[in-house]
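Spelled out from the first residue to the last, the chains are:
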Amino acid sequence: MASEETETSEFLKNRRGPEKQEENSDTTCGFWRFKGPTLQRFASENLYMVIYGIAGCFLAIAFSYFNGTLTTLEKRYKIPTKITGIISVGNDISTVFCSAFLAYYAGRGHRPRWIGFGLIILAIFCLLMLSPQLIYGPGEDALKLTREYGESIDHTLNGTKRDEALCQKEKPSCEEDQEPSDFMPIMLFFLAQFVCGIGCTLFYTLGLSYMDDNSKKSKTPAMISWSAFLRMLGPAIGYSLASVCLRLYIDPFKEPLITNKDPRWLGAWWLGWILLTVILLISAFFVGMFPKEMPSARARRIKAGTGVESQLGERSFKDMVQTLKRLAVNKVYIYKTIGSNLYFFGYMPYWIFTPKYIEIQFRQSAAMANMATGTVALGFSAAGILLSGYVVSKFKPSARAMAAWNCVVDYLTVAGIICYIVIGCEPSDRMNSMATLSAGDSCSASCHCDYVHFAPVCSPANETYISPCHAGCSEKLTDDLGRASYSGCKCIPSSLAPNQTFPDENQFASDGVCPVDCYDQFLIYLAVMCILKFVGATGRSTDLLLVLRCVPEEDKTIALGIGSMLFSVMSFIPSPIVFGWLLDSYCLVWGKTCSTKGNCWLYDTSSLRYTMNLVSAVLILMGSFWHIAVWYYAKDIKIFDEEELKDNPRKEELTELKEKPIKSDTN
């Protein structure tokens, strides 16, 4: 750090006239009234790495908070799952349209201020997510379940109307909800996601290129790893924040008559967006304080003979076309993009659907599934990122060595996904099949259970039925502890002789799914998942370094922007849709409503496990072949500067030996 300050001070002494004035404006911290010598000492790449990583953590919190509250939004605004899928890819759609242009033109300006502007846009995203609550309030359905509304649950259940969960003698009429569907909340949520994509494009493409341009090449791997480590804290915090907010009722100032275990419970999903808006605005202020170029980086650039014109000159549309042509013929960049797209397409379901996969395959609670996904595996991912950053910074491997490791990561990932296929829970598979058979027999058909909500019950023979209606139950009983049970369940096989008429104790059912022990299989799955998280994380820094070094300095930002756009078009948008359709295709029991088939309650877990994991493994395996091509063509890529290689004498000797055959080949 001292050497950098000396280098910077010598550079400043040699600057005169207009050049000194330009240097002062481009390398000065702050803006407006927030500038001066006190702030100038904070103009360091290390502090930028910390601030940028913390801001990335806040952004990750917002993403994970949205995912954690998504099901509550569906219940509150009666949004079908297929519509929420479209909402969730809104940020990727905006990325497609704006990433290349924003990365190209904004990359030539004051990048920290553009990044700060991106964070302000993300704060607007949070406000748009909050706006339906401000416009529509908690909703009539939620208010009816509060003591202040003056309506009790007991009055509803003990009325003259027969409980629709029980066996019905006549086919009930299907009545639509009295409140008409309102598409305005859907439009606001989609607009919020669309705006979010613009902010994310500015944050990621400009932030990474600014970090790389303003730090020594030897420091870049460690800085990328540390900033990624800080960002990875976001999902754990975001899911925890969602858990805390959803434990409160949607109107915290009213007393609910139900508990948060009731399916009608609506949590305070909107509270977190207030906090996220504030912290994103604060982070935008601090990121925007950094100079257009670090003083130490400018000193190194001038010393190396790189002029200001070439680095910060204005760009035209013609220049952008030339840049795109250069990228199109860059084999390493093209092959790396294709291989990464196949990897992302195949691995996307494990980023989005892992909590759901754990719930349906191993019968774990949503809390346990989210804890395993957001916290347990996080530690292994963080360890992988930090270890890879240390190894790359310490040993300075060649581009080919990094590309080779990325291939190894692909094959280890394929092996782990194949292990997922054999890690299943046979009792869970059998229970789903038996529940489905009970739904299609003639006994349950006579009870007219078409529109009965999913409310599983368990028979004395440890067989699960979809609802008391599907079990043929005619009466509901409640004990002193409030636990429900059902009697007169004619669809449960009787142990009595045909001529006996008194009640059969076997034709009773208890509320809830029959207990299934899949905990050991879940632990095995969790162990494999943690190993895969660790292995996959070790390839993040090497993967990004190859992209940053395989293109010229002036094309770095646009290369990241084009890559982001291609990932959205080829992976991030279609993959959730394809694998969502795949999940639905193995649904056994739907929550049928008057107009739609609703959401899925039970899956063919065995077939789903084989198909989903095999498709993912094949896609990642296909991507590994393109990464082999990257390894072949990466032989001439220089990851580190020559001066930095001199710090490692052994590395310098190896580099000199490798240069001779390369020169002879070109001749």
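Nothing here was measured: the structure is a model prediction, and the numbers come from that model.

1. Re the overall build of the chain
Thought 1: A tally of helices and strands in the chain yields 29 helices and 7 strands.
Thought 2: The proportion of buried residues among the 667 residues of the chain is 49%.
Thought 3: Considering only contacts within the chain whose residues lie at least 6 apart along the sequence, 80% involve residues at least 24 apart.
Thought 4: Summed over all atoms, the accessible surface of the chain reaches about 32,600 Å², with 62% contributed by carbon and sulfur.

2. Details of the environment of Ile-86
Thought 1: Relative to the assigned elements, Ile-86 resides in helix H6 (residues 81-88).
Thought 2: When its relative accessible area of 47% is taken as the criterion, Ile-86 is described as partly exposed.
Thought 3: Distance from Ile-86 to Ile-186, taken between C-alpha atoms, is 9.9 Å for residues 100 residues apart in sequence.

3. Digging into the side chain of Ser-487
Thought 1: Mapped onto the fold, Ser-487 is located in strand E4 (residues 484-487).
Thought 2: Beyond its immediate chain neighbours, meaning those up to four positions away, Ser-487 contacts Cys-473, Ser-474, Glu-475, Leu-477, Gln-507 and Phe-508.

4. Digging into the pattern of salt bridges
Pairing between side chains becomes possible if they bear opposite charge and their charged atoms approach one another.
Thought 1: For the structure shown, the criterion picks out 3 salt bridges.
Thought 2: One salt bridge in this structure joins Asp-251 and Lys-254, with 3.2 Å as the shortest N-O distance.

5. Points about unusual backbone geometry
Thought 1: The backbone of Lys-396 sits at a positive phi, close to 50 degrees, despite the residue not being glycine.
Thought 2: Examined against the element boundaries, Lys-396 turns out to sit in the loop between helix H19 (366-395) and helix H20 (399-422).
Thought 3: A positive phi is found at Asn-462, a non-glycine position, where the angle reads about 65 degrees.
Thought 4: Considering the arrangement of structural elements, one finds Asn-462 in the loop between strand E1 (457-458) and strand E2 (464-465).
Thought 5: Residue Asn-462 is classed as partly exposed on the basis of its relative accessible area of 44%.

6. Remarks on a nonpolar patch on the surface
Thought 1: On the surface, Tyr-411, Leu-621, Phe-625, Trp-626, Ile-628, Trp-631, Tyr-632 and Tyr-633 cluster together into a nonpolar patch covering about 740 Å² of accessible area.
Thought 2: Tallying contributions element by element places helix H27 (residues 605-633) first for the nonpolar patch, with 7 residues.
Thought 3: For Tyr-632, the location among the structural elements is in helix H27.

7. What to know about the packing of aromatic side chains
Here a ring pair, both rings aromatic, is described through the centre-centre distance and the interplanar angle of the planes.
Thought 1: Taken as a whole and assessed by the stated rule, the structure comprises 32 aromatic pairs.
Thought 2: Geometrically, the ring pair formed by Tyr-77 and Trp-269 is edge-to-face, given 6.1 Å between the ring centres and 80 degrees between the ring planes. Of this pair, Tyr-77 sits in helix H5 (residues 70-77) while Trp-269 sits in the loop between helix H12 (220-247) and helix H13 (271-287), placing them 192 residues apart in sequence. Like Tyr-77, the residue Trp-269 is buried in the burial classification.
Thought 3: Look at Tyr-519 and Phe-522: their rings are 6.1 Å apart centre to centre, the planes differ by 45 degrees, and that puts the pair in the tilted class. Linking Tyr-519 with Phe-522, this pair stays in helix H23 (residues 519-538), spanning 3 residues, or about one helical turn.
Thought 4: Using a relative accessible area of 39% as the deciding quantity, one classes Tyr-519 as partly exposed.
Thought 5: Classification of Phe-522 by relative accessible area gives buried; the value is 2%.
Thought 6: Sitting over the ring of Trp-631, Arg-400 keeps its end group 4.3 Å from the ring centre.
Thought 7: A cation over a ring is seen here: Lys-635 above Tyr-632, with NZ or CZ 5.2 Å from the ring centre.

8. A short note on the nonpolar core
Across soluble globular proteins, you tend to see nonpolar side chains buried next to one another.
Thought 1: By size, the foremost hydrophobic cluster in this structure holds 88 residues, and its most contacted members are Trp-269 and Trp-273.
Thought 2: Residue contributions to this core peak at 12 residues, all from helix H11 (residues 184-213).
Thought 3: Built from parts of two domains, this core gets at least three residues from each of domain 1 (34-152 + 183-293) and domain 2 (320-425 + 516-638).
Thought 4: With near-sequence residues (within four places) excluded, Trp-269 lies in contact with Tyr-65, Thr-69, Thr-72, Leu-73, Arg-76, Tyr-77, Met-129, Gln-133, Phe-189, Leu-246 and Ile-250.

9. Focus on the state of the cysteines
Two cysteines whose sulfur atoms are joined by a covalent bond form what is called a disulfide.
Thought 1: For the coordinates displayed, the defined rule picks out 5 disulfides.
Thought 2: Here Cys-167 connects covalently by a disulfide to Cys-447, the sulfurs 2.0 Å from one another. Taking the sign of the S-S torsion, about -85 degrees here, the bridge from Cys-167 to Cys-447 comes out left-handed. On the criterion of sequence distance, the pair formed by Cys-167 in the loop between helix H10 (153-157) and H11 and Cys-447 in the loop between helix H22 (442-445) and E1 is long-range, its members being 280 residues apart.
Thought 3: With relative accessibility at 11%, the residue Cys-167 sits in the buried group.
Thought 4: There is a disulfide in this structure between Cys-449 and Cys-469, and the S-S distance comes to 2.0 Å. On the sign convention where negative means left-handed, the S-S torsion of about -90 degrees between Cys-449 and Cys-469 marks this disulfide as left-handed. Linking Cys-449 in the loop between H22 and E1 with Cys-469 in the loop between E2 and strand E3 (475-478), this pair joins segments that are 20 residues apart in sequence.

10. Structural notes on the environment of Val-278
Thought 1: Considering the arrangement of structural elements, one finds Val-278 in helix H13.
Thought 2: The partly exposed category is assigned to Val-278, whose relative accessible area is 44%.
Thought 3: Here the alpha-carbon distance between Val-278 and Cys-126, two residues 152 residues apart in the chain, equals 9.4 Å.

11. As for the packing of helix H8 (residues 111-136) against H11
Thought 1: Contact geometry for H8 and H11: axes closest at 8 Å, N-to-C directions at 160 degrees. As judged from the angle between their axes, H8 and H11 are roughly antiparallel. The handedness of the crossing between H8 and H11 comes out as left-handed.

12. Quick look at the sheet that holds E4
Thought 1: Spatial strand order, E2-E1-E5-E4-E3: 5 strands in an open sheet with antiparallel pairing. Looking at the sheet topology across the chains shown, the edges are occupied by E2 and E3.
Thought 2: The sheet contact formed by E3 and E4 spans 4 bridges and is antiparallel. In the strand pairing of E4, Glu-475 is matched with Ser-487.

13. Here we look at the pairing of E4
Thought 1: Pairing between E4 and strand E5 (residues 509-511): 2 bridges, direction antiparallel. Each bridged residue has a counterpart across the sheet, and for Tyr-486 the counterpart in E5 is Ala-509.

14. Re H13
Helical geometry note: an α-helix holds 3.6 residues per turn, so side chains three or four residues apart project in the same direction.
Thought 1: Helix length check: H13, at 17 residues, gives a terminal C-alpha distance of 25 Å against a target of 24 Å (1.5 Å per residue), a fit within 8%.
Thought 2: Every buried residue belonging to H13 is among Gly-272, Trp-273, Leu-276, Thr-277, Ile-279, Leu-280, Ser-283, Ala-284 and Val-287, and all of these are buried.
Thought 3: Lining the buried residues of H13 we find helix H4 (45-68), H8 and H12.

15. Notes on the side chain of Asn-341
Thought 1: The residue Asn-341 is located in helix H17 (residues 331-352) in this model.
Thought 2: The class of Asn-341 is buried, set by a relative accessible area of 3%.
Thought 3: Contacts of Asn-341, omitting those with residues within four sequence positions, involve Leu-566, Phe-567, Met-570 and Ser-571.

16. Overview of the confidence of the model for the chain
Thought 1: For the chain, mean pLDDT is 77; residues scoring 70 or higher make up 78% of the total.
Thought 2: With pLDDT under 50 throughout, residues 1-23 is counted as low confidence; its partners more than four residues away or in other chains account for 24 contacts.
Thought 3: Below a pLDDT of 50 lies the segment residues 496-502, which in the model reaches 3 contacts outside its immediate sequence neighbourhood of four places, other chains included.

Definitions and limits used
- Residues numbered from 1 in each chain as written.
- Predicted model: local features only at pLDDT ≥ 70, side-chain atom pairs only at ≥ 80, totals over all residues.
- Heavy atoms only, no water.
- Helix = DSSP H or I, 4+ residues; strand = E, 2+ residues; numbered from the N terminus.
- Buried < 20%, exposed > 50% of the residue type's maximum accessible area, 1.4 Å probe, protein only.
- Contact = heavy atoms within 4.5 Å.
- Areas by Shrake-Rupley, 256 points an atom, 1.4 Å probe, with all protein chains shown as cover.
- Salt bridge = Lys/Arg side-chain N within 4 Å of Asp/Glu carboxyl O.
- Patch = residues over 30% accessible without salt bridge, like charges linked within 9 Å, V, L, I, M, F, W, Y side chains within 5 Å.
- Phe/Tyr/Trp six-rings, centres within 6.5 Å; stacked < 30°, edge-to-face > 60°.
- Lys NZ or Arg CZ within 6 Å of the ring centre and 35° of its normal.
- Core = buried A, V, L, I, M, F, W, Y, C linked by side-chain atoms within 4.5 Å.
- Domains from an automatic or database assignment.
- Disulfide = S-S within 2.5 Å.
- Axes fitted to C-alpha atoms, helices over the stretch in contact; angles between N-to-C directions.
- Parallel < 35°, antiparallel > 145°, perpendicular 65-115°, else oblique.
- Left-handed = near helix turned anticlockwise from the far one by under 90°.
- Pairing = 2+ DSSP bridges.
- Expected span 1.5 Å × (residues − 1).
- pLDDT = per-residue confidence, 0-100.

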